[in-house]
Amino acid sequence: MGRRRSVDMVLCVLLVCGATSCTDPLPTPSAEAPMAPCDVRVADGEVDFLPADFSGEIQHHGDGQSGLLFESLESAACDGFERVIVQYSSPDTRTGQLGLWAEWTGEVRIEGTDEVAPIDGPEVLHISVVGVTWQPGTGAAHSVGGPSGNPIAEVRYYEQSGGSASLYLGLAERAEYRVFTLDDPSRILLDIRATD
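Heads up: these notes are all about the structure in this document. (Residues numbered from 1 in each chain as written. Predicted model: local features only at pLDDT ≥ 70, side-chain atom pairs only at ≥ 80, totals over all residues. Heavy atoms only, no water.)

Notes on the pairing of strand 12 (residues 177–182)
The side chains of a regular strand alternate between the sheet's two faces. Bridging between strand 12 and strand 13 (residues 187–193) involves six bridges; their strand directions are antiparallel. Bridging from a neighbouring strand, Y177 pairs with I192 of strand 13. The antiparallel pairing of strand 12 with strand 13 creates a hairpin that spans four residues between the two strands, and D184 there sits at a positive phi of about 55°. (Pairing = 2+ DSSP bridges. Helix = DSSP H or I, 4+ residues; strand = E, 2+ residues; numbered from the N terminus.)

In C-alpha cells, the structure reads:
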C-alpha cells in the first residue's frame, strides 16, 4: 500500500511539473490582459476617415448618457495612423452615446477663462465631448505626448463643468481623421492618418 502511494505521488509530480522544473511556481489565474491600443479594429467601411478639413458633429449625444468619469489617456503609433484613446468608467448603468463635435482651432482655450494653454504642433484639432462629468480633485487637465511626434505632437484632455470635456490634439499638419466610441469599457478612439 505504501509503495503504491509513492508511485502515485511520483506520477502526480511528473504530471504537474511536465517539461518544466518542479521548482518553478505554478501559474496563478489572472485577469485577462488589456487589449493593446492598436489591436482595437474597425471593420472596413464601419467608421471612415473624415477629410482633413472636416469640422462638425460626428456623433449625436444620446439620451441617458451622462456622468462617465475620466480614467485614462494614451496614444499609440499604429499601422498607417496614430491613435488616441480616452477611457472612462461609469458610476452607474445608464446607457446612451457620447456626443462628439470636431473643429479646427488655432489654440487651446480653457473653459470659463481667457487663458490660452500651450500645445505642441501648429495645427490644433478640438473634439468636444458631451456626456461626461468632472471629477473634483483630479486637476481636470490631462496630457500625453504623441507616440512619434508626427502626425500627433501632443494631446490634452480638459474636464469641464456641465457634462462636457475638451480633447485637443496638437498636430504637425492637418490630416484625415476618424473619431468613434466603444463600450465595455467606455472609450473614445481618435485616429489621425499618418502623413509623409
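Here's the deal with the side chain of R156
Following the sequence through the fold, R156 ends up in strand 10 (residues 152–159). Looking at R156, the relative accessible area reads 18%, which means it is buried. A distance of 2.9 Å separates the side chain of R156 from the backbone oxygen of P118, its partner in a polar contact. (Buried < 20%, exposed > 50% of the residue type's maximum accessible area, 1.4 Å probe, protein only. Polar contact = N/O pair within 3.5 Å; in protein donor to acceptor, adjacent residues only side chain to side chain.)

Section: the pattern of salt bridges
Throughout the structure, instances matching the rule amount to six salt bridges. Put simply, D191 and R83 hold a salt bridge, and the shortest N to O gap is 2.7 Å. Taken together, the residues D191 in strand 13 and R83 in strand 3 (residues 81–89) connect sequence positions 108 residues apart. The exposure classification of D191 matches that of R83, with both residues buried. E176 is the salt-bridge partner of R193, the closest N and O atoms lying 2.8 Å from each other. Here R193 is found in strand 13, whereas its partner E176 is found in the loop between strand 11 (164–171) and strand 12, with 17 residues between them in sequence. (Salt bridge = Lys/Arg side-chain N within 4 Å of Asp/Glu carboxyl O.)

Looking at the packing of aromatic side chains
Per the stated rule, a full pass over the model turns up five aromatic pairs. Relative to Y168, the ring of Y158 lies with its centre 6.0 Å away and its plane at 75°, an arrangement referred to as edge-to-face. Placement of Y158 in strand 10 and of Y168 in strand 11 is noted, with a sequence separation of ten residues between them. Judged on exposure class, the residue Y158 and its partner Y168 are both buried. Three or more aromatic residues joined by ring pairs make a cluster, and in this case those are F70, Y88 and Y157. Here R193 stacks its cationic end above the ring of F49, 3.9 Å away from the centre of that ring. (Phe/Tyr/Trp six-rings, centres within 6.5 Å; stacked < 30°, edge-to-face > 60°. Lys NZ or Arg CZ within 6 Å of the ring centre and 35° of its normal.)

Considerations on the side chain of E82
Tracing the backbone through its elements, the reader meets E82 in strand 3. Among the polar contacts listed, one links the side chain of E82 to the backbone nitrogen of I152, at a separation of 3.1 Å. In this view, E82 contacts A76, A77, P147, S148, N150, P151, I152, L190, D191 and I192; residues no more than four positions away in its chain are not counted. (Contact = heavy atoms within 4.5 Å.)

Let's talk about the sheet that holds strand 13
Ordered in space as 8-2-3-13-12, the five strands form an open sheet in which the pairing is mixed. Sheet topology places strand 8 (132–133) and strand 12 at the edges, where each strand pairs with a single neighbour. Strand direction decides the pairing type here: strand 3 and strand 13, joined by seven bridges, are antiparallel. Paired with E82 across the two strands is I192, which belongs to strand 13.

With respect to the environment of L50
Relative to the assigned elements, L50 resides in the loop between helix 1 (2–17) and strand 1 (56–59). Among the residues examined, L50 registers a relative accessible area of 22% and is labelled partly exposed. Separated by 125 residues in sequence, L50 and A175 have C-alpha atoms that sit 8.9 Å apart. Apart from the residues within four sequence positions on either side, L50 is in contact with I58, E176 and Y177.

Some thoughts on unusual backbone geometry
Note the cis peptide between D184 and P185, where omega equals 0°. Summarising the element assignment, P185 is placed in the loop between strand 12 and strand 13. Positive phi outside glycine occurs at D184, with the angle close to 55°. Of note, D184 is situated in the loop between strand 12 and strand 13.

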